[in-house]
Amino acid sequence: KLGSQEEIYRKELLVATKKDEELKQAISRAIKREIEMLAEKNKSKTSNATVFKKAPEDIVLEENFVANKGKLPWPVDQGQVVAEFGQQAHPFLRGVIINKNGITFSTTENNKVRAVFDGVVSKIIILPGQGKLVMIRHGDYITVYTNLRETFVRDGDVVKTKEEIGIILTDKGKTETEFQLWKGIEISDPTRWLYKVK
């Protein structure tokens, strides 16, 4: 009986790992495209060289975002952390290590996810079987909110801290969202940015 239960967990882990990788690749592709578009938009020609300048409002936004490191509100108004960032032991399978790209929050059914800081919605992506995800830009930083059933924002919308941006999807009795933080095309540890995650 224990052996069959372990086999079920292993199959679930394979599916979850595949979904995590699809999610990571989708976010990475979207961020790369956005960096290219921003570079093209902010490009200015001086003599024979091409110089890329960051927009002044992006500089201020990023500075304010960085100044609030460790003080950002949770992306849910109530809930608990059920999976932390980075490598960790699988909760049931002995000797199996899993790697999480963000922090997973469990909350109540039909609860909403909210922006952790002022920013601009850069992309909304629909992933089959995984709902929608919203990406919000804060200068060079991007926060990502996954597993949404419905979104209240569109690309280009300006959002404020704690503004509700969507409803979290409930699947198999679980209402969970993963919060990720990227700087450029690199994943960052969001634990250091949110208020009292641990």
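In what follows, the structure referred to is the one given above.
Residues numbered from 1 in each chain as written. Predicted model: local features only at pLDDT ≥ 70, side-chain atom pairs only at ≥ 80, totals over all residues. Heavy atoms only, no water.

Caption draft 1: Focus on the overall build of the chain. A count of helical and extended segments in the chain gives 2 helices and 15 strands. A buried classification covers 40% of the 198 residues belonging to the chain. Put simply, 66% of the contacts in the chain that link residues at least 6 apart link residues at least 24 apart. As presented, the chain carries roughly 11,700 Å² of accessible surface, and 51% of it is formed by carbon and sulfur atoms. (Helix = DSSP H or I, 4+ residues; strand = E, 2+ residues; numbered from the N terminus. Buried < 20%, exposed > 50% of the residue type's maximum accessible area, 1.4 Å probe, protein only. Contact = heavy atoms within 4.5 Å. Areas by Shrake-Rupley, 256 points an atom, 1.4 Å probe, with all protein chains shown as cover.)

Caption draft 2: View of the packing of aromatic side chains. A complete count under the given rule lists 6 aromatic pairs for this structure. Look at Phe65 and Phe117: their rings are 5.6 Å apart centre to centre, the planes differ by 75 degrees, and that puts the pair in the edge-to-face class. Of the two residues, Phe65 is situated in helix 2 (residues 56-67) and Phe117 in the loop between strand 7 (112-114) and strand 8 (119-127); the sequence distance between them amounts to 52 residues. We note that Phe65, like Phe117, is buried. A centroid spacing of 5.3 Å and a plane angle of 40 degrees characterise the contact between Phe65 and Tyr141, whose relative ring orientation is tilted. Taken as a pair, Phe65 in helix 2 and Tyr141 in strand 10 (residues 141-151) lie far apart in primary sequence, 76 residues in all. Exposure remark for Phe65: the relative accessible area of 0% places this residue in the buried category. Members of the aromatic cluster, connected to one another through ring pairs, are Phe65, Phe117, Tyr141 and Trp193. (Phe/Tyr/Trp six-rings, centres within 6.5 Å; stacked < 30°, edge-to-face > 60°.)

Caption draft 3: Broad picture of the environment of Glu178. Looking at the secondary structure, you find Glu178 in strand 14 (residues 174-183). Using a relative accessible area of 7% as the deciding quantity, one classes Glu178 as buried. Apart from the residues within four sequence positions on either side, Glu178 is in contact with Asp20, Leu23, Lys100, Asn101, Gly102, Ile103, Thr104, Val144, Tyr145 and Thr146. There is a polar contact of 2.6 Å between the side chain of Glu178 and the side chain of Gln180. (Polar contact = N/O pair within 3.5 Å; in protein donor to acceptor, adjacent residues only side chain to side chain.)

Caption draft 4: Main features of the nonpolar core. Counting 26 residues, the largest nonpolar core has Ile136, Tyr145, Ile165 and Leu194 as the members making the most contacts within it. Ranked by the residues each element gives to this core, the list is headed by strand 10, at 3 residues. Residues within four places of Ile136 in sequence aside, it is in contact with Ala115, Gly119, Val120, Val121, Ser122, Tyr141, Ile142, Thr143, Tyr145, Val159 and Ile165. Ile125, Leu133, Met135 and Val144 belong to the second largest nonpolar core, which has 12 residues in total. (Core = buried A, V, L, I, M, F, W, Y, C linked by side-chain atoms within 4.5 Å.)

Caption draft 5: Representation of the environment of Leu194 within the structure. Looking at where Leu194 falls in the secondary structure, it is placed in the segment after strand 15 (186-188). C-alpha of Leu194 to C-alpha of Trp74: the two residues are 120 residues apart in sequence and 6.2 Å apart in space.

Caption draft 6: Representation of helix 2 in the model. An ideal rise of 1.5 Å per residue puts 16 Å on 12 residues; helix 2 measures up with 17 Å between its terminal C-alpha atoms. Buried residues of helix 2: Asp58, Leu61, Glu62 and Phe65, and no others. Projected down its long axis, helix 2 shows its buried positions confined to an angular sector of 95 degrees, all on one face. Residues of helix 2 that are exposed and point over 90 degrees away from its buried face: Pro56, Glu63 and Ala67. Looking at the packing, one finds that the buried side of helix 2 touches strand 8, strand 9 (131-138), strand 10 and strand 14. (Expected span 1.5 Å × (residues − 1). Arc of directions from axis to C-beta.)

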